[in-house]
Amino acid sequence: MDLKKFEVWFVTGSQHLYGEETLKQVAEHSKTIAKSLNDSPQIPVKVVFRPTVKSPEEIYAACQEANTAPNCIGIIAWMHTFSPAKMWIGGLRILQKPIVHLHTQFNRDIPWDTIDMDFMNLNQSAHGDREFGFMMTRMRLDRKVVTGHWQDAETLGQLNAWARAAAGWNDWQGARFVRFGDNMRYVAVTEGDKVEAELKFGYSVNTHGVGDLVKVINSVTDKSIDTLVEEYADSYTLAASLHKGKDRHKDLREAARIELGMRSFLEDGNYKGYTDTFEDLHGMAQLPGIASQRLMGSGYGFGGEGDWKTAALVRAMKVMGSGLPGGNSFMEDYTYHFEPGNNLVLGAHMLEICESIADGKPSCEIHPLGIGGKADPVRLVFNSAAGPALNASIVDMGNRFRLLVNEVEAIAPTHALPKLPVARVLWKPYPDMKTGCSAWIQAGGAHHTGYSQNLTSEHMRDFADMAGIEFALIGKRTDLYQFRNELRWNEAYYR
Ligand code: MN
């Protein structure tokens, strides 16, 4: 997805007190900053200069316009001068788009030799931004505050993270996710309140009996299967038995039929992601393996076994990470390596790991599944690259949603795993295996996650702020005792 189609509006607050000349300078400076942000390779979205707002009416109108402008995904607010903040109450009360408060100043340095009172009266964000900040805090409004000069790389990095989070948040508004069947029987953590999710997150989740999907799969033409099977052969290393003329080639064709049917179902329904359940595949020959891996590769969200919360989260993470190197995938904590001094998690799923996190060309294979009672599914098998990564999970706590993130370090595969027929990742959780896993379990985090190679906890925190939900981070500095206290305090805060 090209994030440049999204706009964030650069809104500068002031007041009429200063007179025409000063306000002209304020506007010029704002224009310069907005253009510089817009042109920066670090900022993925369009930054649009907006006329300085100087009265309650202008502020209200700006917020109203931002709410209804379809391409506007958020506002960057800056008080170059002093903008008495009671003027902002009306506007902030109706603002529905995310807001970041950029606490910056036009000049980087104090001009020691020439500074006079005119300079002081123009460059007031050091106190003007405090007045604005008070009002947002007084109104209990969640927002990000970024402090630093507007040309500083760290400042740009923080705005980048916020803009990406805003793009993910915007993508959720009005988004449609489809469930093929219900959740896996008796499973708890993949359940959740879909009404509350729609109220809180803006996306809807609706079910289709798998028969609706099967009808589309059965209508796929042989010709389109021919084409897709060729694409498989070009993109992946095909197992010998899957080649044309070999005994399992018909199964590869069946996998292609499933992918084409699902893709067309998702396109026709304008869906951004889906979940399926191996317990409910009536009329399908195989559990979708390569289909789900490639659909995720195309940007669809996916969660296994009816896990619609993770499907939606994976989709948002894909939007947030658009254009960055690395990928985002559905993931599951599968099995552990408890070797002293070298504790590891092996992440995988029965089949459905996104090809966007593959290190090198995946191999396309067919193996029995062992559960589900269906024909052997075709799947992509690959390893994933080493490097910093994270796992994220949205938990329904009954009275609220919690976004839980664990920063991890993916490590290069040390063994070939010749008999493991699925895509997999090895990682070390931060701050260490014992603390990371214990904290995750204390927080009620799911075994399903969105796994990211290109997002940081900053993206996820900004995203949680936009959603107005709890954010809990397990990272390099996490102490289990403090973390448990944080969860307890949050329990009181959200009561
Ligand atoms: Mn699973």
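Everything here concerns the structure above.
Residues numbered from 1 in each chain as written. Predicted model: local features only at pLDDT ≥ 70, side-chain atom pairs only at ≥ 80, totals over all residues. Heavy atoms only, no water.

Draft legend 1. Representation of the packing of helix α13 (residues 433-442) against helix α15 (residues 480-493) within the structure. Running from amino to carboxyl end, α13 crosses α15 at an angle of 15°, the nearest separation of the two axes being 10 Å. As summarised for this structure, α13 and α15 are arranged roughly parallel, according to the angle between their axes. Of the two possible hands of crossing, α13 and α15 adopt the one that is right-handed. Contact with α13, carried on its side by T435, S438, A439 and Q442, involves L480, F483, R484 and L487 of α15 and no other residues of that element. Along the lines of polarity and charge, the residues of the contact of α13 with α15 split into 4 nonpolar, 3 polar and 1 charged. (Axes fitted to C-alpha atoms, helices over the stretch in contact; angles between N-to-C directions. Helix = DSSP H or I, 4+ residues; strand = E, 2+ residues; numbered from the N terminus. Parallel < 35°, antiparallel > 145°, perpendicular 65-115°, else oblique. Left-handed = near helix turned anticlockwise from the far one by under 90°. Contact = heavy atoms within 4.5 Å. Nonpolar A, V, L, I, M, F, W, Y, C, P; charged D, E, K, R; others polar.)

Draft legend 2. Highlighting the packing of aromatic side chains. Enumeration according to the criterion identifies 21 aromatic pairs in this entry. On the numbers, 5.3 Å between centres and 55° between planes, the contact of Y336 with F338 is tilted. Residue classification places Y336 among the partly exposed positions, given a relative accessible area of 41%. The side chain of K476 reaches across the aromatic face of Y430, ending 5.0 Å from its centre. (Phe/Tyr/Trp six-rings, centres within 6.5 Å; stacked < 30°, edge-to-face > 60°. Buried < 20%, exposed > 50% of the residue type's maximum accessible area, 1.4 Å probe, protein only. Lys NZ or Arg CZ within 6 Å of the ring centre and 35° of its normal.)

Draft legend 3. Looking closely at the coordination of the manganese ion. Donor atoms from the polypeptide that coordinate the manganese ion comprise E305 (OE), E332 (OE), H349 (NE2) and H448 (NE2), at 2.1 to 2.2 Å from the metal. Here the donor residues of the manganese ion are spaced in sequence according to E-x26-E-x16-H-x98-H. With E305 in the loop between β10 (301-304) and α12 (308-320) and H349 in the loop between β12 (342-348) and β13 (363-366), the pair connects residues that are 44 residues apart, well separated along the chain. (Donors = N, O, S within 2.8 Å, 3.2 Å for Na, K, Ca; no water.)

Draft legend 4. Main features of the environment of S235. With respect to the helices, strands and loops of the structure, S235 is situated in helix α9 (residues 222-235). Considered as a pair, S235 and S363 are 128 residues apart in the sequence and their alpha carbons are 9.0 Å apart. A polar contact is formed between the side chain of S235 and the backbone oxygen of E231, at a distance of 2.7 Å. (Polar contact = N/O pair within 3.5 Å; in protein donor to acceptor, adjacent residues only side chain to side chain.)

Draft legend 5. Main features of unusual backbone geometry. The linkage connecting Y430 with the following residue, P431, adopts the cis geometry, with an omega of 0°. Within the secondary structure layout, P431 lies in the loop between β17 (424-429) and α13. Notably, R140 is not glycine yet its phi reads approximately 55°, a positive angle. Along the polypeptide, R140 turns up in the loop between α5 (125-138) and β5 (144-147). With a relative accessible area of 68%, R140 lands in the exposed category. Phi angles above zero are rare outside glycine, and Y186 is one such case at about 75°. Residue position: Y186 is located in the loop between β6 (176-180) and α7 (194-201).

Draft legend 6. Broad picture of the sheet that holds strand β1 (residues 7-12). Ordered by their spatial adjacency, 5 strands build an open sheet running β2-β1-β3-β4-β5, and the pairing between neighbours is parallel. Of all strands in the sheet, those with a lone pairing partner are β2 (46-49) and β5, marking the two edges. Shown here is a sheet whose adjacent strand axes are inclined to one another by a mean of 25°, direction ignored. As defined by bridge partners, β1 adjoins β2 across 4 bridges and the pair is classed as parallel. When the bridges of β2 are listed, W9 appears paired with V48. Strand contacts of helix α1 (residues 20-39): β1, β2 and β3 (72-78), with the helix running at about 170° to β2, the strand carrying the most contacts. The strands touched by α5 within the sheet are β3 and β4 (99-103), with β4 carrying the most contacts at an inclination of about 155°. (Pairing = 2+ DSSP bridges.)

Draft legend 7. Spatial organisation of the pairing of β17. Judged by how many residues are buried, β17 sits mostly within the fold: 5 of 6 residues are covered. Examined bridge by bridge, β12 and β17 share 4 bridges and lie antiparallel to one another. Counted as the bridge partner of A348 is R424 from β17. Relative to β17, strand β16 (residues 401-411) runs antiparallel, the two being bridged by 4 bridges. Looking at β17, one finds that V408 is bridged to P429.

Draft legend 8. The pairing of β3, seen in detail. Of all the 7 residues making up β3, 7 are buried; the element is thus mostly covered by neighbouring parts of the structure. Bridging between β1 and β3 involves 6 bridges; their strand directions are parallel. In the sheet register, V11 faces β3, and the bridge partner there is A77. By the bridge criterion, 3 bridges tie β3 to β4 in an arrangement that is parallel. Pairing of I76 across the sheet is with V100, part of β4.

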